[in-house]
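Geometric and topological summary
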Amino acid sequence: MKQHHISVIVSRKRFANNIRILKEYVYPAKLSVVMKADAYGHGLAGLVETAITAGADSIGISTNPEAHMVRAVSQDFPLIRLRMALPEELKESVAELNIEEQVGTWEASEYLSCEGIRRGLPVSVHLTLDTGMGRGGFGINEIDTIRRVIALPGLRIVGVMAHYANADATTMDYSLAQNQKFDRFVEALALELPDDVLFHTHNSAATMRLPNLRRDMVRVGAACYGVKTSHNFSNLPDLKPCMMVKTRITQVRNIPAATKIGYGSLYTTKRPSRIAAIPVGFGEGYPRALFNKGIVLIGGHRCPVVGRVSLNITTIDVTDLPHVPKWGDEVVLIGDQENETITFEEMADKFQSVHTEINLMAGSMNEIKYL
Ligand SMILES: *Cc1c(COP(=O)(O)O)cnc(C)c1O
């Protein structure tokens, strides 16, 4: 779809740099680059090759179509599915996609074992342990079931994994308890597990905050895209956001005090004002919740969103700008302009969301241009 009114720009160079920095940072642990949800909205197809050449050891996906996109670039690059799959997904995975699958139940393990026997080549699986995330996986009371899974023919146990629920929280108590629980699982299974199995538990936040507990591999999403998941820690300073969103002004006008703006008339000018309109709203993924809260950059200055965000139009108060902006001037919704920056994190904080939701909306609702 050709469009001229909004630019969602993704920098392959920044993505590659982030991966290189992270790879060095986590060494000797391996780096699995998480590219589920269409690479967090950055466009999986546009970034697969970059991830592989920059040094990813594996790629994390969620859906079979995502796996197909990776397979179009590489037939044998290691792919890990970061959730439990449906039976039909597993059938296709075994037949043609060769995804390393998570198993967390006897039922799915047995199903995959049969598929592996049928194709005459074992299916690579990661045992998923619930250490406190609560979304699924084997519980600590299921050690005997796990032993039976390990003994199944047609399966190759390549990994043992868990996921942190609170690695971005103020204190790490819960994460440390999860880590101890993982150790208890591993001790109980030590004699049964193959020697070359990969243990992996860390997402982006845990990778930064629990560096001594990284084990054999980390699964990093957010940090690869240069965003962080919480105020409770600092990212590596050199990680840079990969996505930028820009548009241009469609109208500027002067209006008197006491004028109402937008749907629901939720904003009334308190003084004679200059208001710019931009051709972007929640139809382009600019969150509707940012009414009377959002900030955009014009001429290197921060300017507030006033009134409701409409489907395709948002209004900006430009009264305080030192210059009068013109029709067609650049507006930065996310990214840098001169010496100012709007980050995904800042935007997400304004409406209790997370950066990924904004990445996703901008990336999935608009064409992406790659630098
Ligand atoms: C999404 C996901 C990750 C990556 O999380 P980030 O916080 O983006 O690094 C890692 N592991 C699993 C199981 C996931 O689902």
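What counts, and at which threshold
Residues numbered from 1 in each chain as written. Predicted model: local features only at pLDDT ≥ 70, side-chain atom pairs only at ≥ 80, totals over all residues. Heavy atoms only, no water. Helix = DSSP H or I, 4+ residues; strand = E, 2+ residues; numbered from the N terminus. Buried < 20%, exposed > 50% of the residue type's maximum accessible area, 1.4 Å probe, protein only. Contact = heavy atoms within 4.5 Å. Areas by Shrake-Rupley, 256 points an atom, 1.4 Å probe, with all protein chains shown as cover. Arc of directions from axis to C-beta. Near = heavy atom within 4 Å. Polar contact = N/O pair within 3.5 Å; in protein donor to acceptor, adjacent residues only side chain to side chain. Nonpolar A, V, L, I, M, F, W, Y, C, P; charged D, E, K, R; others polar. Domains from an automatic or database assignment. Pairing = 2+ DSSP bridges. Axes fitted to C-alpha atoms, helices over the stretch in contact; angles between N-to-C directions. Phe/Tyr/Trp six-rings, centres within 6.5 Å; stacked < 30°, edge-to-face > 60°. Lys NZ or Arg CZ within 6 Å of the ring centre and 35° of its normal.

**Observations concerning the overall build of the protein chain**
Counting secondary structure elements, the protein chain contains eleven helices and 20 strands. Across its three principal axes, the protein chain shows a C-alpha extent of roughly 75 × 45 × 40 Å. Taken over 371 residues, the protein chain has a buried fraction of 52%. Here the contacts in the protein chain between residues at least 6 apart in sequence split such that 67% fall between residues at least 24 apart. Carbon and sulfur atoms make up 54% of the accessible area of the protein chain, which totals about 17000 Å².

**A few points about unusual backbone geometry**
Cis rather than trans, the peptide bond between Tyr 27 and Pro 28 has omega equal to 10°. Located in the positive-phi region is Tyr 40, a residue other than glycine, with phi close to 50°. Relative to the helices and strands, Tyr 40 resides in helix H2 (residues 36-40). Backbone geometry places Asn 98, a non-glycine residue, at a positive phi of 55°.

**Focus: helix H5 (residues 87-97)**
Think of an α-helix as turning once every 3.6 residues; residues three or four places apart then point the same way. Three or more residues of H5 are buried, namely Glu 89, Leu 90, Ser 93, Val 94 and Leu 97. Buried positions in H5, seen along its axis, are confined to an arc of 130° and lie on one side of it. Among the exposed residues of H5, those pointing more than 90 degrees away from its buried face are Glu 88 and Ala 95. Buried residues belonging to H5 abut helix H4 (64-73), strand S4 (79-81), strand S5 (101-103), helix H6 (106-119) and strand S6 (123-128).

**A few points about the site of the ligand**
Taken together, the neighbourhood of the ligand is formed by Val 34, Lys 36, Tyr 40, Leu 82, Arg 135, His 163, Asn 203, Ser 204, Arg 219, Val 220, Gly 221 and Ala 222. Interatomic distance of 2.5 Å between a side-chain N/O atom of Ser 204 and an oxygen atom of the ligand. The separation between a nitrogen atom of the ligand and a polar side-chain atom of Arg 219 is 2.8 Å. Considering the ligand on its own, with 390 Å² of exposed area, one finds that the protein chains cover 90% of that surface. Partitioned by chemical class, the residues of the shell around the ligand number five nonpolar, four polar and three charged.

**Some thoughts on the domain arrangement of the protein chain**
Per the domain assignment, the segments of the protein chain are domain 1 (12-225) and domain 2 (243-342). Using only C-alpha atoms to locate each centre, domain 1 and domain 2 end up separated by 42 Å.

**Thoughts on the sheet that holds strand S3 (residues 58-61)**
Within the open sheet, the eight strands sit side by side as S4-S3-S2-S9-S8-S7-S6-S5. Their pairing is parallel. Looking along the sheet, the strands with just one partner apiece sit at the ends: S4 and S5. Direction aside, neighbouring strands of the sheet carry axes that sit 35° apart on average. One ladder, built from four bridges, connects strand S2 (residues 30-34) with strand S9 (residues 217-220); its direction is parallel. Note that in S9 the partner of Val 33 across the bridge is Val 220.

**Section: the pairing of strand S17 (residues 314-317)**
Neither face of S17 is left uncovered, since the one carrying Thr 314 and Ile 316 and the one carrying Thr 315 and Asp 317 both have all their residues buried. Here strand S14 (residues 273-278) runs beside S17; their pairing, made up of four bridges, is antiparallel. Among the inter-strand pairings, Ala 277 is bridged to a residue of S17, identified as Thr 315.

**Focus on the packing of aromatic side chains**
All chains considered together, the criterion is met by three aromatic pairs. On the basis of an interplanar angle of 20° and a centroid distance of 5.3 Å, the ring pair of Phe 15 and Tyr 225 is categorised as stacked. Of the two residues, Phe 15 sits in helix H1 (residues 12-26) while Tyr 225 sits in the loop between S9 and strand S10 (243-248), which places them 210 residues apart along the sequence. According to the relative accessible area criterion, Phe 15 is buried, its value standing at 0%. Site record: aromatic cluster; members linked through ring pairs are Phe 15, Tyr 40 and Tyr 225. Arg 148 extends its terminal NZ or CZ atom over the ring of Trp 106, reaching a point 4.2 Å from the ring centre. Above the ring of Phe 291, the side-chain terminus of Arg 308 is found at 4.7 Å from the ring centroid.

**Focus: the sheet that holds S17**
One open sheet accounts for three strands, arranged S11-S14-S17; its pairing is antiparallel. The open sheet terminates on both sides in strands that have one partner only, identified here as strand S11 (251-255) and S17. Going across the sheet, the axis of each strand differs from the next one's by a mean of 30°, ignoring polarity.

**Looking at the side chain of Ser 109**
Topologically, Ser 109 is positioned in helix H6. For Ser 109, a relative accessible area of 0% gives the class buried. Setting aside its immediate chain neighbours within four residues, Ser 109 contacts Val 103, Phe 138, Val 149, Leu 152 and Leu 155.

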